[in-house]
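Observations on the three-dimensional arrangement
Residue-level listing of the chains:
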Amino acid sequence: LVPLSDSATAIQLTNAAGTAIVNVDSINERVGIGTISPSDTLHVAKDSRLSVYFVSHENSADPTNLILRKTRGTQATPLAVQDGDSLGSVSFQGYSALAGFNRTACSIVGAVDGEPDSSGDSSDMPGRLVFNTVPNGGSALIERMRIDNAGNLLIGTPTSQAEKMTLGAIGGINSFCIRNTGVS
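None of the values given here were measured: they were computed from a predicted structure.

**Remarks on the overall build of the protein chain**
Scanning the protein chain from N- to C-terminus turns up 0 helices and 13 strands. Counting from the amino terminus, helix and strand elements in the protein chain follow one another as β-β-β-β-β-β-β-β-β-β-β-β-β. Here the protein chain, with 184 residues, has 19% of them falling under the buried criterion. Put simply, 13% of the contacts in the protein chain that link residues at least 6 apart link residues at least 24 apart. Of the roughly 13,400 Å² of accessible surface on the protein chain, a fraction of 54% belongs to carbon and sulfur atoms.

Printed below as a string of structure tokens:
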């Protein structure tokens, strides 16, 4: 444990060779593991394969959880999320030699898909999962697939119902239907 005199670093843990292992940036409220310049709240870096493990040892059927939470408002005064709010995402990025930084290739986003707490139901939080990719030669994420709050699997860019392929219950009947009414 090495207290440093610079204005940003409050605490730094080093190995026997004096190389920084953990760096706490007290001004920006960031922690770096394997980096002395954390770029966000928690920044983990390594010059070889990097893995993160969450391991739970207990005699029950309960899972190990990774929970991404979102509110509107502040920590002191949280406010309810709204229809369309993204609740969390996982982005997959690669370094671009031409751009000089990491670019997102694809992402999975969890979002609110309806009205939370509808009809006074405090357990109501309708959701959807959205899968996005960037096409070759492109730079923007495009929605490719979604699972909506009704359990429908929608494939394609959801700009209109006519452009979607839908798998799921049709008209309240449990059936298998593939429909694409768009023009190719």
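Further notes follow.
**Observations concerning the sheet that holds strand E3 (residues 30-33)**
As summarised here, the arrangement of the 4 strands in space is E1-E2-E3-E4, forming an open sheet in which the pairing is mixed. The open sheet has two free edges, formed respectively by strand E1 (9-14) and strand E4 (42-44), since each of these has just one partner strand. Between one strand and the next, the sheet's axes are offset by a mean angle of 10 degrees, whatever the strand orientation. Both E1 and strand E2 (residues 20-25) contribute to a ladder of 5 bridges, which runs antiparallel. Among the inter-strand pairings, Ile11 is bridged to a residue of E2, identified as Val24.

**A few points about the environment of Gln82**
As for its placement among the helices and strands, Gln82 is situated in the loop between strand E6 (78-79) and strand E7 (86-96). For the pair Gln82 and Ala111, spaced 29 residues apart in sequence, the C-alpha separation works out to 9.4 Å. For Gln82, the residues in contact, after removing those within four places along its chain, are Arg72 and Val112.

**What about a negative patch on the surface?**
The grouping of Asp83, Glu115, Asp117 and Asp121 at the surface amounts to a negative patch. Its place among the elements puts Glu115 in the loop between strand E8 (101-112) and strand E9 (127-133).

**Here's the deal with a nonpolar patch on the surface**
A contiguous nonpolar patch, built from Ile33, Leu42, Val44 and Leu50 and spanning about 330 Å² of accessible area, is present on the exposed surface. The topology assignment puts Ile33 in strand E3. On the basis of relative accessible area, Ile33 is assigned to the partly exposed category, the value being 36%.

**Considerations on the pattern of salt bridges**
Here the structure, examined in full by the defined rule, presents 3 salt bridges. In this structure, Asp113 and Arg128 form a salt bridge, with 2.9 Å as the shortest nitrogen-oxygen distance. Taken together, the residues Asp113 in the loop between E8 and E9 and Arg128 in strand E9 connect sequence positions 15 residues apart. We classify Asp113 as buried; its relative accessible area is 15%. With a shortest N-O distance of 2.7 Å, Glu143 and Arg146 are connected by a salt bridge. Looking at Glu143, the relative accessible area reads 14%, which means it is buried.

**Points about the environment of Lys46**
Structurally, the position occupied by Lys46 is in the loop between E4 and strand E5 (72-73). A residue is classified by how much of its surface remains accessible, and Lys46, at 52% relative accessible area, is exposed. Through-space distance from the C-alpha of Lys46 to that of Thr35 is 8.1 Å; in sequence the pair is 11 residues apart.

**Brief notes about the side chain of Asp25**
The topology assignment puts Asp25 in strand E2. Buried Asp25, no salt bridge; nearest opposite-charge side chain is Arg30, N-O distance 5.3 Å. From its side chain, Asp25 meets the backbone nitrogen of Ile27 in a polar contact 3.1 Å long.

**Observations regarding the side chain of Asp113**
Polar contacts involving the side chain of Asp113 include one to the side chain of Arg128, which spans 2.9 Å. With near-sequence residues (within four places) excluded, Asp113 lies in contact with Asp83, Pro126, Gly127, Arg128, Asp148 and Asn149.

What counts, and at which threshold
Residues numbered from 1 in each chain as written. Predicted model: local features only at pLDDT ≥ 70, side-chain atom pairs only at ≥ 80, totals over all residues. Heavy atoms only, no water. Helix = DSSP H or I, 4+ residues; strand = E, 2+ residues; numbered from the N terminus. Buried < 20%, exposed > 50% of the residue type's maximum accessible area, 1.4 Å probe, protein only. Contact = heavy atoms within 4.5 Å. Areas by Shrake-Rupley, 256 points an atom, 1.4 Å probe, with all protein chains shown as cover. Pairing = 2+ DSSP bridges. Axes fitted to C-alpha atoms, helices over the stretch in contact; angles between N-to-C directions. Patch = residues over 30% accessible without salt bridge, like charges linked within 9 Å, V, L, I, M, F, W, Y side chains within 5 Å. Salt bridge = Lys/Arg side-chain N within 4 Å of Asp/Glu carboxyl O. Lys, Arg positive; Asp, Glu negative; His and termini not counted. Charge placed at Lys NZ, Arg CZ, Asp CG, Glu CD. Polar contact = N/O pair within 3.5 Å; in protein donor to acceptor, adjacent residues only side chain to side chain.

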